[in-house]
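Next come the chains, spelled out residue by residue.
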Amino acid sequence: GYIVAAVDVRGSGASYGRYEGVYSEAETRDAYEMTEWFAAQPWCDGNVGMYGGSYLGMTQYMAASQAPPHLKAIFPSMAGFDLYSLVYTGCVFRDDFIDHWGNLTRNLDLSQPAPVVDEDPEGEKRAEAIRQHEDNWDPRVEARKTGFRDGEYYENEFRPMNPSEHIAAINRSGVPVYQWSAWFDIYTRDAFRWLENLEAPNRLTLGPWGHGTSDPKNERDRFYRIELLRWFDYWLKGIDNGVLEEPPIHYATMVDPETWTWNTADTWPLPEAKSVSYYFSEGPSGSVSSVNDGVLSPESPSQEEGEDAFQVDYTTTTGAQSRWANGCGAPMDYPDMTEYDRNGLTYTTEPLSEDIN
């Protein structure tokens, strides 16, 4: 009972124009125009929703900031909250991520165009659109031009392209939000930032997977489709399916990469959560024969100073597998770290008396 439409942002796919930068003003306004165009078509009842992940997740928030009258709900997955923290994680420029993403999008814009359509059987219009893409804004170049949150990103100031800068407008729109996220994604922290700041009805599900990976139980894709339809059935079709009567947060707790259980919560952090401070202390812990075999102790240290000397060993690494590997971030992709621990500094608690979530 749904019509699904895919839109190429300005300057990509088979669209005309120049890509002017991530979540640019022109691109965001395009989302408004397209939403209202869909709503006006004879095959549409005027109720429009949006879904998609990563870049397509963040564009939904930007679209909501424009308050299209017929945008009734969004379902962003793996969507960032703060663009600056993505580009400068911990104030360190993510050149590997930017280059990977920049090369990927550049290739998609120029070398892998959309298929021809009935109105353009020879692909002449498509070819003209692709020629216009050659002058696209290049994140590999422009992202390196600022090291500051309030600096210039390209022709314009950085802030207008940052989704978190539009919270007030998003909240004024009142568009309901269902977030789909993951514990091993690069945007896990961002998901909770959205949760803290959104005022319209909203939901959050966090699964035990990464940005682009499936899971051993095949739950990710199956649950995604179920929840997507429940959300849109309620907001677009008016079906009272109880989705708003459930706790707003669903999250997985893991024993190991292939064993998890689903839980619900009304608020985050969990009311029963306790914060415990640990301090670096002398060993041995007996847990691993590392360079120092240090201890993490709940007791405050008696000395004001201390140090462990360590010469960096670059063979001690997770390798290329991490949540930043754009699809290879699930925990089952990490190697056994035991041998690596032996070559580094470790600090370990006493064995815990019971499982913790």
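Calculation criteria
Residues numbered from 1 in each chain as written. Predicted model: local features only at pLDDT ≥ 70, side-chain atom pairs only at ≥ 80, totals over all residues. Heavy atoms only, no water. Helix = DSSP H or I, 4+ residues; strand = E, 2+ residues; numbered from the N terminus. Buried < 20%, exposed > 50% of the residue type's maximum accessible area, 1.4 Å probe, protein only. Contact = heavy atoms within 4.5 Å. Areas by Shrake-Rupley, 256 points an atom, 1.4 Å probe, with all protein chains shown as cover. Pairing = 2+ DSSP bridges. Phe/Tyr/Trp six-rings, centres within 6.5 Å; stacked < 30°, edge-to-face > 60°. Lys NZ or Arg CZ within 6 Å of the ring centre and 35° of its normal. Expected span 1.5 Å × (residues − 1). Arc of directions from axis to C-beta.

A. Summary view of the overall build of the protein. Scanning the protein from terminus to terminus reveals 10 helices and 11 strands. Projected onto its principal axes, the C-alpha coordinates of the protein cover approximately 75 × 50 × 40 Å. For the protein, buried positions account for 42% of its 357 residues. Excluding contacts between residues fewer than 6 apart, the proportion of contacts in the protein whose partners are at least 24 apart in sequence is 66%. Taken as a whole, the protein presents about 20,200 Å² of accessible surface, with 49% of it coming from carbon and sulfur.

B. Structural context of the sheet that holds strand 11 (residues 347–348). Pairing in this open sheet of 3 strands is mixed, and the strands run 9-10-11 from one edge to the other. Each of the sheet's edge strands pairs with one partner strand only, and the pair in question is strand 9 (279–281) and strand 11. As defined by bridge partners, strand 9 adjoins strand 10 (residues 294–297) across 3 bridges and the pair is classed as antiparallel. Following the sheet pairing, Y279 is matched in strand 10 by S297.

C. Representation of the packing of aromatic side chains. Applying the stated criterion across every chain yields a total of 27 aromatic pairs. Chaining the aromatic ring pairs together yields one cluster made of F75, Y178, W180, W209, F223, Y224, W231, Y234, W235, W260 and W262. Lying over the aromatic face of Y32, R29 brings its terminal NZ or CZ to 4.0 Å of the ring centre. Between the NZ or CZ atom of K217 and the centre of the ring of W260, over which it lies, the distance is 4.4 Å.

D. Here's a closer look at helix 4 (residues 95–110). Taking 1.5 Å per residue, 16 residues should reach 22 Å; helix 4 reaches 22 Å between its end C-alpha atoms and fits that length. The complete set of buried residues in helix 4 reads F97, I98, W101, G102, T105 and D109. The arc that holds the buried residues of helix 4, viewed along the axis, is 120°, so those residues lie on one side. Each element contacted by the buried residues of helix 4 is listed here: helix 2 (55–65), helix 3 (83–87), strand 4 (92–93), helix 5 (124–133) and helix 6 (139–142).

E. Structural context of helix 5. Residues of helix 5 that are buried include every one of A129, I130 and H133, and no others. All buried residues of helix 5 lie within an arc of 100° about the axis, which places them on one face of the element. Residues of helix 5 that are buried in the fold lie against helix 4.

F. Expanded view of the environment of T348. Mapped onto the fold, T348 is located in strand 11. As for T348 and D293, which are separated by 55 residues in sequence, their C-alpha atoms are 7.8 Å apart.

G. Focus on unusual backbone geometry. For the peptide bond that leads from W268 to P269, omega is 5°, which places it in the cis range. The step from G283 to P284 runs through a cis peptide bond, and the omega angle for that step is 5°. Structurally, P284 can be placed in the loop between strand 9 and strand 10. A positive phi angle, near 55°, is found at A67, a position not held by glycine. Locating A67 in the fold gives a position in the loop between helix 2 and strand 2 (71–77). With a phi close to 70°, C91 is a non-glycine residue in the positive phi region. Examined against the element boundaries, C91 turns out to sit in the loop between strand 3 (88–89) and strand 4. The exposed category is assigned to C91, whose relative accessible area is 66%.

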